[in-house]
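Structural overview for review
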Amino acid sequence: MWKQSYEQLIFLQDSSVGLKAIIAIHSTKLGPALGGCRMRQYGSDEEAIDDALRLAKGMTYKSAMSGIPYGGGKAVILSHPGQGPREALFQALGRQLQKMQGGYITGMDLGTSVTDMDWIRLQTPYVTDTSGSLGAVNDLTATMTAYGVFLGILTALKRVFGSGSAERRTVAVQGLGKVGYQLCRYLYYAGAKLIVADVDPVRVQKVVSEFGAIPKHPDAIMSEPCDVLSPCALGGILNDRSISGLHCRIVAGAANNQLTESRHGALLHDRGILYAPDYVINSGGIIVTAAELNGGDAATAQQNVEKISGTLTDVFQTADARGLPTADAADLMAEGLLGI
Ligand code: NAI
């Protein structure tokens, strides 16, 4: 259902430092493109381009639905043998951002750190999540992302069970990194029973001992019987096979691009599983970034994150009124805001 149009796709090669990167700008219609910089190994250049394109588009829809005056973009650095030291790579990326004069503002994402953002900052002001910034202090970005997902879960519980309480509800959390851990904390204090999985046993042990979570094998978490499945690890995990094996009433998590293809939203709908669209409920981080760029503080950011409940309720109502899967309803609403 997403319409395929992009403003810019930049292939950046700097052989002096071995940098190979892609910057995708989906839209600057509502403001400068905002979206983090990811660094990882890809199976092919095509896979990296696809990742950048999908993520950039997701950022446009996420910003639109959060009501912040920004568009969507994403940078992807391809890890490969023979690349130069990180400092050189990120400074080279910074030089490119400086050339773009604020059309794209980057920040942290999978595989990048505050230190990397500090390297970019040496070349350009168009970067967030640097040392001492609002998002970096106490990892506010991840905490607010988790808070938004938590509120999304409560909103979905209300829709399905008539009560927006997590008390005694079972939530299966896949991925216990920065966001997954904080989400477990919110859910634990709200009285939920937690089932968890991560490929890192140390992270699993932490939530087992702190929150009494029940650990499961990473391969088994998706099909665990539960009220809510919360994907907080990787994107693309909802596909024909995984959806047919789900034993949950709700899917609501932080991972970007959870649906492998947009038709998988319809598949969830047909199975009677309520899907809280990822970009509607995982916008806490980008809301913090927007606050940072506009001189706001943590309290302002939190107030804006709290609007996620109302936005998600609107998505559910639009889906009902139009007879659409929630994923399509969210796309329709975002496209209405973007005028496309
Ligand atoms: P993270 O890298 O801190 O945590 C990811 C966790 O998933 C790690 O603990 C990793 O070991 C685990 N994992 C990887 N593969 C797994 C598998 N097959 N099964 C179970 N666990 C697995 O990342 P973070 O920041 O917590 O983000 C989680 C997700 O939320 C990512 O998809 C990210 O793109 C998305 N997101 C994060 C935001 C943020 O503010 N950090 C904002 C919006 C989305």
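Residues numbered from 1 in each chain as written. Predicted model: local features only at pLDDT ≥ 70, side-chain atom pairs only at ≥ 80, totals over all residues. Heavy atoms only, no water.

1. With respect to the site of the ligand
In the neighbourhood of the ligand, 23 residues make up the surrounding shell, with Thr-145, Val-179, Asp-198, Arg-203 and Ala-233 lying closest. Measuring from an oxygen atom of the ligand, one finds a side-chain N or O atom of Thr-145 at 2.9 Å. Here Val-179 contributes a backbone N or O atom positioned 2.8 Å from an oxygen atom of the ligand. Secondary structure elements with two or more residues in the shell around the ligand: helix 4 (140–161) and helix 5 (178–189). Sort the elements by how many residues they give to the shell around the ligand and helix 4 lands first, with three residues. Of the residues contributing to the shell around the ligand, the split by class is eleven nonpolar, seven polar and five charged. (Near = heavy atom within 4 Å. Polar contact = N/O pair within 3.5 Å; in protein donor to acceptor, adjacent residues only side chain to side chain. Helix = DSSP H or I, 4+ residues; strand = E, 2+ residues; numbered from the N terminus. Nonpolar A, V, L, I, M, F, W, Y, C, P; charged D, E, K, R; others polar.)

2. Quick word on the packing of aromatic side chains
Within this structure, the stated rule accounts for six aromatic pairs. Here the aromatic rings of Tyr-61 and Tyr-279 are separated by 5.7 Å at their centres, their planes lie at 75 degrees, and the arrangement is edge-to-face. Of this pair, Tyr-61 sits in helix 1 (residues 45–66) while Tyr-279 sits in helix 9 (residues 278–281), and the two are 218 residues apart along the sequence. Each member of the pair, Tyr-61 together with Tyr-279, is buried. Seen from their ring centres, Tyr-188 and Phe-211 are 5.2 Å apart, and the 40 degrees between their planes marks the pair as tilted. Taken as a pair, Tyr-188 in helix 5 and Phe-211 in helix 6 (residues 201–211) lie far apart in primary sequence, 23 residues in all. In this structure, Arg-169 packs its charged tip against the face of Phe-161, placed 3.7 Å from the ring centre. Over the ring of Tyr-186 we find Arg-185; its NZ or CZ atom is 4.9 Å from the centre of that ring. (Phe/Tyr/Trp six-rings, centres within 6.5 Å; stacked < 30°, edge-to-face > 60°. Buried < 20%, exposed > 50% of the residue type's maximum accessible area, 1.4 Å probe, protein only. Lys NZ or Arg CZ within 6 Å of the ring centre and 35° of its normal.)

3. Remarks on the nonpolar core
In terms of nonpolar packing, the biggest core is built from 63 residues, with Ile-153, Val-173, Leu-183, Leu-187, Leu-194 and Val-196 touching the most fellow members. Top element by residues in this core is helix 4. It accounts for twelve residues. Discounting chain neighbours no more than four positions away, the residues touching Ile-153 are Val-171, Leu-183, Leu-187, Val-228, Ser-230 and Ala-252. Membership of the second largest hydrophobic core comes to 23 residues, among which are Leu-19, Ala-21, Ile-77 and Tyr-104. (Core = buried A, V, L, I, M, F, W, Y, C linked by side-chain atoms within 4.5 Å. Contact = heavy atoms within 4.5 Å.)

4. Here we look at the sheet that holds strand 9 (residues 214–215)
If you trace the six strands from one edge of the open sheet to the other, you get 9-8-7-10-11-12, paired in parallel fashion. The open sheet is flanked by strand 9 and strand 12 (274–275), the only strands paired with a single partner. Sheet topology places strand 8 (residues 193–197) next to strand 9; two bridges connect them, and they run parallel. Within the sheet, the bridge partner assigned to Ile-195 lies in strand 9 and is Ile-214. (Pairing = 2+ DSSP bridges.)

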